[in-house]
Amino acid sequence: MKILITEFMDIKCVEMLKLNFDVTVDHDLSTNIDELKKIINSFDALIVRNKTQVNKKVLEKAHNLKFVGRLGVGLDNIDTEYCKNHNIHVQPATGMNANSVAEYVINASLTLLKNIPLMHQETLMANWPRTSITSRELKGKTIGLLGFGLIAKKVSILAKVFDVKIIAYDPYLDPSVGNQFDTKLHDINDVFRMSDIISIHLPLNEDTRNLLNYSAFKKMLKHPVIINSSRGSIVNEEDLIRAYDEKLISGFALDVYNAEPVPKSFLDKIKNNTNCLLTPHVAGVTEESNIRVSDFIANAVKEFFNL
Ligand SMILES: NC(=O)c1ccc[n+]([C@@H]2O[C@H](COP(=O)([O-])OP(=O)(O)OC[C@H]3O[C@@H](n4cnc5c(N)ncnc54)[C@H](O)[C@@H]3O)[C@@H](O)[C@H]2O)c1
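Source: prediction; values computed, not measured.

Q: What should I look at first to understand the sheet that holds strand 2 (residues 22-25) in this one?
A: Each strand in a sheet pairs with its neighbour through backbone hydrogen bonds, running either in the same direction (parallel) or in the opposite one (antiparallel). Read from one edge of the open sheet, five strands run 2-1-3-4-5, paired in parallel fashion. Where the open sheet ends on each side, the last strands, each with one partner, are strand 2 and strand 5 (89-92). Each neighbouring strand pair of the sheet contributes to a mean axis angle of 15 degrees, computed without reference to strand direction. Strand direction decides the pairing type here: strand 4 (residues 67-70) and strand 5, joined by four bridges, are parallel. Within strand 5, the residue paired with Phe67 across the bridge is His89. On the sheet, helix 1 (residues 11-18) packs against strand 1 (2-5) and strand 2 and is oriented at approximately 145 degrees with respect to strand 2. Sheet strands touched by helix 13 (residues 287-304): strand 1, strand 3 (45-48), strand 4 and strand 5. Its angle to strand 4, the strand with the most contacts, is close to 165 degrees.

Q: Looking at this structure, I do not really get the site of the ligand. What am I missing?
A: Every one of the 31 residues lining the ligand counts as a neighbour, but Gly74, Gly147, Gly149, Ile151 and Gly284 are closest to it. Secondary-structure elements contributing two or more residues to the shell around the ligand are helix 5 (98-113) and helix 7 (150-159). Here the element with the most residues in the shell around the ligand is helix 7; it accounts for three residues. Looking at the shell around the ligand, its residues break down into 16 nonpolar, eleven polar and four charged.

Q: What is the right way to read the domain arrangement of the protein chain from this model?
A: Interface size is commonly expressed as the accessible area that is lost once the parts come together. Domain annotation for the protein chain reports domain 1 (2-96 + 287-304) and domain 2 (98-278). Centre-to-centre separation of domain 1 and domain 2, based on C-alpha positions: 31 Å. Of the residues lining the interface, four residues belong to domain 1; the matching set on domain 2 comes to six residues.

Q: What am I meant to see in the packing of helix 1 against helix 13 here?
A: In helix packing, the relevant descriptors are the interaxial angle and the interaxial distance, both defined with respect to the helix axes. With their axes 9 Å apart at the nearest point, helix 1 and helix 13 run at an angle of 10 degrees to one another. The orientation of helix 1 relative to helix 13 falls into the category roughly parallel. Here helix 1 runs over helix 13; the crossing is right-handed. From helix 1, Cys13, Met16 and Leu17 reach across to helix 13, where they touch Ser294, Asp295 and Ala298. A per-class count over the contact of helix 1 with helix 13 returns four nonpolar, one polar and one charged.

Q: Looking at this structure, I do not really get unusual backbone geometry. What am I missing?
A: Across the chain, the bulk of peptide bonds are trans and the bulk of non-glycine residues have phi less than zero. Put simply, Glu260 and Pro261 share a cis peptide bond, and its omega is -5 degrees. Relative to the elements of secondary structure, Pro261 occurs in the loop between strand 11 (251-254) and helix 12 (264-267). For Asn115, which is not glycine, the phi dihedral falls at a positive 55 degrees.

Q: Looking at this structure, I do not really get the environment of Ile157. What am I missing?
A: Mapped onto the elements, Ile157 comes out in helix 7. For Ile157, a count of 15 C-beta atoms within 10 Å translates into the label partly exposed. For the pair formed by Ile157 and Met96, sequence separation is 61 residues and the distance between their alpha carbons is 16 Å.

Q: Can you walk me through the sheet that holds strand 7 (residues 165-169) in this structure?
A: Pairing in this open sheet of seven strands is parallel, and the strands run 8-7-6-9-10-11-12 from one edge to the other. Looking at the sheet topology across the chains shown, the edges are occupied by strand 8 (183-185) and strand 12 (276-278). Going across the sheet, the axis of each strand differs from the next one's by a mean of 15 degrees, ignoring polarity. The sheet contact formed by strand 11 and strand 12 spans three bridges and is parallel.

About the cut-offs
Numbering of residues starts from 1 in each chain and follows the order in which that chain's sequence is written. With the structure being a predicted model, the display of local features is reserved for residues of pLDDT at least 70 and the display and counting of side-chain atom pairs for 80 or more, all residues being used for whole-chain, interface and lining totals. Paired strands, in this sense, are two strands between which DSSP finds at least two bridges. Counting from the N terminus, the helices are DSSP H or I runs at least four residues long and the strands are E runs at least two residues long. Inter-axis angles, ranging from 0 to 180 degrees, are taken between N-to-C directions of lines fitted to C-alpha atoms, where helices are fitted over the stretch in contact. Contact between residues is assigned whenever the C-beta positions, reconstructed from backbone atoms, fall within 7 Å. Placing a C-beta atom from the backbone of each residue, we mark the residue near a molecule or strand if the atom is within 6 Å of it. Residue type decides the class: Asp, Glu, Lys and Arg count as charged, Ala, Val, Leu, Ile, Met, Phe, Trp, Tyr, Cys and Pro as nonpolar, and the leftover types, Gly among them, as polar. Where each domain begins and ends follows an automated or database-derived domain assignment. Any angle from 65 to 115 degrees is called roughly perpendicular, while one under 35 is roughly parallel, one over 145 is roughly antiparallel, and all others are oblique. Note: crossing handedness is left-handed where the near helix turns anticlockwise from the far helix by less than a right angle, and right-handed where it turns clockwise. Counting other C-beta atoms within 10 Å of each residue's C-beta, where C-beta atoms are placed from the backbone, gives the exposure class: buried for 20 or more, exposed for 12 or fewer, partly exposed between.

Here it is in structure tokens:
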């Protein structure tokens, strides 16, 4: 039984898989689709993160493929419809990195409310901004979560200790689900209107693409900080910068982008004195979550093949 791993997986888990499988690890294949198409036919299982595009063109060449393991949760780089129709099992590492992302959201909320990026920059420039830049507490603020799935629920659990009000928009859930987390489910416009912090926890699909555009930012009455750790294209990046320049929002944290790695053309639009936090799609990637995610997928693939 042959497994191909195209992105980083905890080394101990790779070694464990080698006891039962013929394992090939080749990270270059995550971007070299032509080469991936050439060799995929000989593999029974493929393990990826979010870089490898497991699209129809690749899957059409994968006549022996039975299992795709995703070292993470978003499945937008995998043609799940094709897999379903061709009996290929797709296994995300559900919940295994949720805590890492939730911690990132709490950190970003505090950092942006306290204007830490501005304080850091000005202090570094020897301007000693002790009174020129103000700071706010998280206590008493309203956090608005867009999507109330696994990660958003974790955020809501962690946020409670800060004495905040938590509201969420998720039309697919029965409102009683929110009650268990002291979180009131609302209409999206209410979340825009009432929140001091808006954090996005949605899948990327045709309903959510471009959801945070200029007209959405105009509805945000409390000049919130925006946190996106879900998928880049949910936020219109041009409109985000415009909303910040027009003071409709007071800061933003982006872990995910329209295009990744994020192009210089976008970075050039961000000034030194912007209250923002940019990270390279790592909210869910910590030393701890890497082990959990890898362990989960390694066990799932063994179980799938009854080994
Ligand atoms: N940055 C990272 O490192 C990282 C790590 C893990 C997950 N993620 C991303 O975070 C996002 C959330 O992950 P999760 O595990 O919480 O997902 P989840 O599936 O548990 O939750 C998503 C929620 O969104 C709701 N939803 C779906 N479509 C909606 C719509 N159109 N409007 C409103 N609500 C809608 C669903 O009902 C669900 O409750 C995903 O996009 C995932 O890819 C990013």
